Structure formats: structure tokens, C-alpha cells
Amino acid sequence: MIVAARLTPGLMQVSSVAAGTVHVPYYQVVLAILFSSIVYDGILITLGTLARLGFKDVGPENSFWIVIGFVGIMTVVFVTIYLIRRRFKQSQQTGEMSPKG
């Protein structure tokens, strides 16, 4: 959620303060900042490169598709994290219930 908040205009500093207020571990905040920086700068670099190459359709009128792409990427990331955590918790539960011998 920190990544999504940092990519929302006006919430960059608020998300960092909120993460500190609710005691989010520091490494998670750093990873979220790193990921949001990569996404944001990657989009700008890609758009700049496309504009330099002469693509006419990279103007502000196509920002809707950029938002749709971001939402799609974030959905994939969150579902992947959820599935990995669920598998990790299941493997821990089965490991704890196994008889020690």
C-alpha cells in the first residue's frame, strides 16, 4: 500500500509518515520506496524515450492507459505477494504439526 500511496500525487510524504506512525518495519518502507521510485522513473524514462523516437501518442491524453497499466501491474504484484504468503504460512503450519522423531 505504501507503493500505491507514494505514486499518488500529494501522498508521497504522508505515506512515509503514516508508515512510521503504524510501525511498519524499516526494511519494508525502504523496499516500498525503492519499488515506487523504479515504477515512477521507469514510466517517465519510457515515455521520454518514446517521445524522442517520434511516437505521437505519448501525450497527456493517453494518461488513462498509463493508470490502467499501473493498476494492472499492482494487481499482479499484490496477488503474487498474497499467494506467496499463503503458501509460506501453509508450509509453516504443516511443519509444526508433523511429529518429531
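The rules we used
Residues numbered from 1 in each chain as written. Predicted model: local features only at pLDDT ≥ 70, side-chain atom pairs only at ≥ 80, totals over all residues. Heavy atoms only, no water. Core = buried A, V, L, I, M, F, W, Y, C linked by side-chain atoms within 4.5 Å. Buried < 20%, exposed > 50% of the residue type's maximum accessible area, 1.4 Å probe, protein only. Helix = DSSP H or I, 4+ residues; strand = E, 2+ residues; numbered from the N terminus. Contact = heavy atoms within 4.5 Å. Expected span 1.5 Å × (residues − 1). 1 Å grid on protein atoms, 1.4 Å probe; cavity = no way out; pocket = protein on both sides within 12 Å on 5 of 7 lines; lining within 4 Å. Points joined across faces, edges and corners; volume = space filled by probe spheres on them. Nonpolar A, V, L, I, M, F, W, Y, C, P; charged D, E, K, R; others polar.

Caption draft 1: How the structure looks around the nonpolar core. In this structure, Ile 2, Val 3, Ala 19, Val 29, Ala 32 and Met 74 together form the largest nonpolar core, which totals six residues. Only helix H1 (2-6) and helix H3 (26-52) provide two or more residues apiece to this core. The contact partners of Ala 19, leaving out residues within four places of it in the chain, are Ile 2, Val 24 and Val 29.

Caption draft 2: Quick peek at H3. For H3, built from 27 residues, the straight-helix expectation of 39 Å at 1.5 Å per residue is met to within 8% by its first-to-last C-alpha distance of 38 Å. Along H3, the positions that sit buried rather than exposed are Val 29, Ala 32, Ser 36 and Val 39. Once H3 finishes, Gly 54 follows within two positions and takes phi at roughly 100 degrees, a positive value.

Caption draft 3: Region of interest: the layout of surface pockets. As a volume, the largest pocket reaches approximately 520 Å³. In terms of lining, the largest pocket is formed by 15 residues, of which the most central are Met 1, Val 3, Gln 28, Ala 32 and Ile 81. Mapped by element, the contributors of at least two residues to the lining of the largest pocket are H1, H3 and helix H4 (63-97). With six residues, H3 is the single largest residue contributor to the lining of the largest pocket. A breakdown of the residues in the lining of the largest pocket according to their chemical character gives 13 nonpolar, one polar and one charged.

Caption draft 4: Fine view of the side chain of Ser 15. Structurally, Ser 15 can be placed in helix H2 (residues 12-21). According to the relative accessible area criterion, Ser 15 is buried, its value standing at 8%. In contact with Ser 15, other than residues within four places in its own chain, are Ile 2, Ala 5 and Arg 6.

None of this, on its own, says anything about what the molecule does.
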